[in-house]
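Single-letter residue listing:
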Amino acid sequence: MPLAFRFSRILNPRFNPSTNLGLALASSFSASSRPEPPELPGARGGGGGFPATIREGRAEIFADDSNSVFYNKAQVNNRDLSIAVLRSFISRRREEHDIQLRRGSHAELPPKHHAEELGHIRGSSEDKALSEEISYRAPKVLEALAASGLRAIRYALEVDGIGEVIAVDNNEVAIEACKKNIHHNGSVASSKVVPHLADARVYMLTHPKEFDVVDLDPYGSPAAFLDSAVQCIADGGILMCSATDMAVLAGGNAEVCFSKYGSYPLKGKHCHEMALRILLACIESHAIRHKRYIVPIISVHMDFYIRDKRNIALPNFSPLVPQECAECGHNFVMGGPIWSDPMHDKEWAASILSSIQAMSCAYSAYAKISAIMTSVSEELPKAPLFVSLHNLCAILKCTNPTIATFQSAIRNAGYQISGSHVDPLALKTDAPMSVIWDIMRCWVKIHAVKYRPGNHPGTRILSQEPKLQAKFSHVPGGLAVQKSPRFVPNPEKYWGPKTKAGRQPKRLPVDNL
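On a predicted model such as this, the values are computed, not experimentally measured, just so you know.

Visitor: Residue-level account of the overall build of the protein chain, with values.
Guide: Of the regular secondary structure elements, the protein chain holds 17 helices and 13 strands. Taking all 513 residues of the protein chain together, 49% fall into the buried category. Of all intrachain contacts in the protein chain linking residues separated by at least 6 positions in sequence, the fraction that spans at least 24 positions is 75%. Just so you have it, the protein chain exposes about 24,600 Å², and 55% of that area is on carbon and sulfur atoms.

Visitor: Account for unusual backbone geometry, naming residues and giving values.
Guide: The backbone phi angle of A147 is positive, close to 55°, even though this residue is not glycine. Its relative accessible area of 16% is what places A147 among the buried residues. The residue K291 is not glycine, and still its phi comes out positive at about 60°. Here K291 shows up in the loop between α11 (271-288) and β10 (293-300).

Visitor: Which residues make up the pairing of strand β9 (residues 233-243), and what are the values?
Guide: Within β9, 10 of the 11 residues are buried, leaving the element largely enclosed by the surrounding structure. Relative to β9, strand β8 (residues 211-216) runs parallel, the two sharing five bridges. What sits directly across from F211, in β9, is I233. Following the chain from β8 across helix α8 (residues 226-232) to the adjacent parallel β9, one finds a crossover that is right-handed.

Visitor: Please give an account of empty space enclosed by the protein that cites residues and values.
Guide: Counted under the stated rule, the structure contains one cavity of 30 Å³ or more. Approximately 40 Å³ is the volume found for the largest cavity. R277, P342, M343, H344, E379, L380, P381, A383 and K428 together form the lining of the largest cavity. Within the lining of the largest cavity, the residues separate by chemical class into five nonpolar, one polar and three charged.

Visitor: An account of the packing of helix α10 (residues 254-261) against α11 is needed here, citing residue identities and associated values.
Guide: For the pair α10 and α11, interaxial distance at closest approach is 10 Å and the crossing angle is 30°. One way to sum up the angle between α10 and α11 is to call them roughly parallel. Side by side, α10 and α11 meet where C257, K260 and Y261 of the first sit next to I278, L279 and C282 of the second. Looking at the contact of α10 with α11, its residues break down into five nonpolar, no polar and one charged.

Visitor: Requested: an account of the packing of aromatic side chains, with residues and values cited.
Guide: Taken as a whole and assessed by the stated rule, the structure comprises four aromatic pairs. For the ring pair Y203 and F211, a centre distance of 6.2 Å and an interplane angle of 40° mean the geometry is tilted. Each of the two residues, Y203 as well as F211, counts as buried. Between the aromatic rings of F258 and Y264, the centroid separation amounts to 4.8 Å while the plane-to-plane angle is 20°, which identifies the pairing as stacked.

Visitor: Tell me about the packing of helix α12 (residues 346-358) against helix α13 (residues 366-378), residues and numbers included.
Guide: At a closest axis distance of 9 Å, the pairing of α12 and α13 adopts a crossing angle of 155°. Of the possible angle classes, the one that applies to α12 and α13 is roughly antiparallel. The two elements α12 and α13 meet at a crossing, and its hand is left-handed. Where α12 approaches α13, its residues K346, A349, I352, L353, I356 and Q357 are matched on the opposing element by Y366, I369, S370, M373, T374, V376, S377 and E378.

Visitor: Quick rundown of the pattern of salt bridges? Include the residues and the values.
Guide: The full count for this structure, using the stated rule, is 20 salt bridges. The closest approach of N and O atoms between D215 and R151, which form a salt bridge, is 3.3 Å. Residue D215 is found in strand β8, and its partner R151 is found in helix α4 (residues 150-158); the two are separated by 64 residues along the sequence. The class for R151 is buried, based on a relative accessible area of 4%. A salt bridge links R151 to D217; the shortest N-O distance between them is 2.6 Å. Within this pair, whereas R151 is found in helix α4, its partner D217 is found in the loop between β8 and α8, the two being separated by 66 residues in sequence. Just as R151 is buried, D217 falls in that class too. Each of E56, R79, D80, R154 and E158 takes part in one network of salt bridges that share partners.

Visitor: So what's going on with the nonpolar core? Residues and values would help.
Guide: Formed by 50 residues in total, the largest nonpolar core has its most connected members in L81, I352 and M373. Tallying contributions element by element places helix α1 (residues 76-103) first for this core, with eight residues. One finds L142, A243, M246 and L280 within the second-largest nonpolar core, a separate group that totals 43 residues.

Visitor: I'd love a proper account of α1, names of residues and values included.
Guide: Over its 28 residues, α1 extends 40 Å from the first C-alpha to the last, a length consistent with the 40 Å expected when each residue adds 1.5 Å. With 23 of 28 residues buried, α1 lies mostly within the body of the structure.

Visitor: Could you give me a rundown of the environment of N78, with the residues and numbers involved?
Guide: When you line up the elements, N78 lands in helix α1. Classification of N78 as buried rests on a relative accessible area of 1%. Residues N78 and I369, 291 residues apart in the sequence, show an inter-C-alpha distance of 8.5 Å. A distance of 3.0 Å separates a polar atom in the side chain of N78 from a polar atom in the side chain of R151.

Visitor: For the sheet that holds strand β11 (residues 387-388), give the residues involved together with the corresponding values.
Guide: The three strands are arranged β11-β13-β12 in an open sheet whose pairing can be described as antiparallel. Whereas interior strands pair on both sides, the edge strands pair on one side only; in this sheet they are β11 and β12 (417-418). Sheet analysis places β12 next to strand β13 (residues 426-429), joined by two bridges and oriented antiparallel. By the bridge assignment for β13, S418 is matched with K428.

Visitor: Explain the pairing of strand β4 (residues 59-62) to me, using residue names and the numbers behind them.
Guide: Sheet topology places strand β3 (residues 53-56) next to β4; four bridges connect them, and they run antiparallel. Looking at β4, one finds that R55 is bridged to E60.

The rules behind each value
Residues numbered from 1 in each chain as written. Predicted model: local features only at pLDDT ≥ 70, side-chain atom pairs only at ≥ 80, totals over all residues. Heavy atoms only, no water. Helix = DSSP H or I, 4+ residues; strand = E, 2+ residues; numbered from the N terminus. Buried < 20%, exposed > 50% of the residue type's maximum accessible area, 1.4 Å probe, protein only. Contact = heavy atoms within 4.5 Å. Areas by Shrake-Rupley, 256 points an atom, 1.4 Å probe, with all protein chains shown as cover. Pairing = 2+ DSSP bridges. Right-handed = clockwise from strand over helix to strand, strands pointing away. 1 Å grid on protein atoms, 1.4 Å probe; cavity = no way out; pocket = protein on both sides within 12 Å on 5 of 7 lines; lining within 4 Å. Points joined across faces, edges and corners; volume = space filled by probe spheres on them. Nonpolar A, V, L, I, M, F, W, Y, C, P; charged D, E, K, R; others polar. Axes fitted to C-alpha atoms, helices over the stretch in contact; angles between N-to-C directions. Parallel < 35°, antiparallel > 145°, perpendicular 65-115°, else oblique. Phe/Tyr/Trp six-rings, centres within 6.5 Å; stacked < 30°, edge-to-face > 60°. Left-handed = near helix turned anticlockwise from the far one by under 90°. Salt bridge = Lys/Arg side-chain N within 4 Å of Asp/Glu carboxyl O. Core = buried A, V, L, I, M, F, W, Y, C linked by side-chain atoms within 4.5 Å. Expected span 1.5 Å × (residues − 1). Polar contact = N/O pair within 3.5 Å; in protein donor to acceptor, adjacent residues only side chain to side chain.

Right, dumping it as structure tokens:
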């Protein structure tokens, strides 16, 4: 049950977050500079005595039928989007370096004299330290849980300008497989990817602020690795973190979520976005202990898989606010704490989407990640969680207005509204719930409702007269304009995470199929 991934930039507290730097994609990132489109991920039979291999992007690894080394085919979406983010990160990193160079002692010089002056500085012994600070250094990457090494190899082969990639795993079998896969992928992978047998937590703690990029993709929860991860990232670096324990984060087991992440989840249509915000709040809590803070770049939920059906009671008590909801008269249910600031950086989202579209042939999961990034780029940044129009109408037991009608009423009232990449029926808005219920009250006045018991929440809501007279006249644009798909189906049947490494998958007898 994967909560896809969240990218956060760990910054020096002295860094000025208001600095708004543009992103210029390097010319080498254009689609024309790439090779032929890669094959879709899958195993290729090893004819002629050769072992079977799996091809993904420009990398090829040996298949492991024994499942002693974990490989998750469904995470191709994750890996493709990670590569897109890394490309944008490197491009921006180069631009920031150029700006810092111009803001230094050479700011007064014309651009044509920068190289000459820089050469003079590098030739001066007394300015050796300054020269080392000015020189650009390729970003160093840590893949904390490498397994087969596929992700690290793809970074080395597909991301131009990347530096050394350290692939760490505490499983000897996985490291041996990683070494074979690195050698199999040629000299570029062998020169950049360095496998290392170690506990990822210990390794990160003993390498403080050493890595510009840390990729954290465990099988399950990343909670045990977060404190170490935020300490080994250099100032201005980037953390790419995945969590695949969606059942816990989305409210399936609130006690476990509180013990791992320090937050109580709430069930509902918004549970997947709340899961993202719980993870962000947890990462922030670890970072702030070490006098650092995070700036989310991209926070994405992808797919949801049910493995069991358990009914676990959720804590139901009220916070220190009015005990009853003013609209429906029922008690509040407490959840959180969660990250309430924007989950995405709009500039980053736009640049990553442009990069993906410019290099569509380089991504096996192009349809999926481009659709998600399109939705992300359209989301309202300052609207935590969302409402579901179907849920609103189910409470009132009324007919559903169209999404275009509802969003027109919101915009006519002077508020903004957008969709969400989490749910195709989600509506994110900065309008308070009082305004939303007033719009629905006005809607019910002109459309019949079904019978409701006297103690039903909808009865209490509709018993109040609306303070806002909603206008349902059509407003051009908005959610009604759909120029490209936002949600695409899975590429094949039974798409999802497979059995953990070291465990044999359960096989049913043929008679039971």
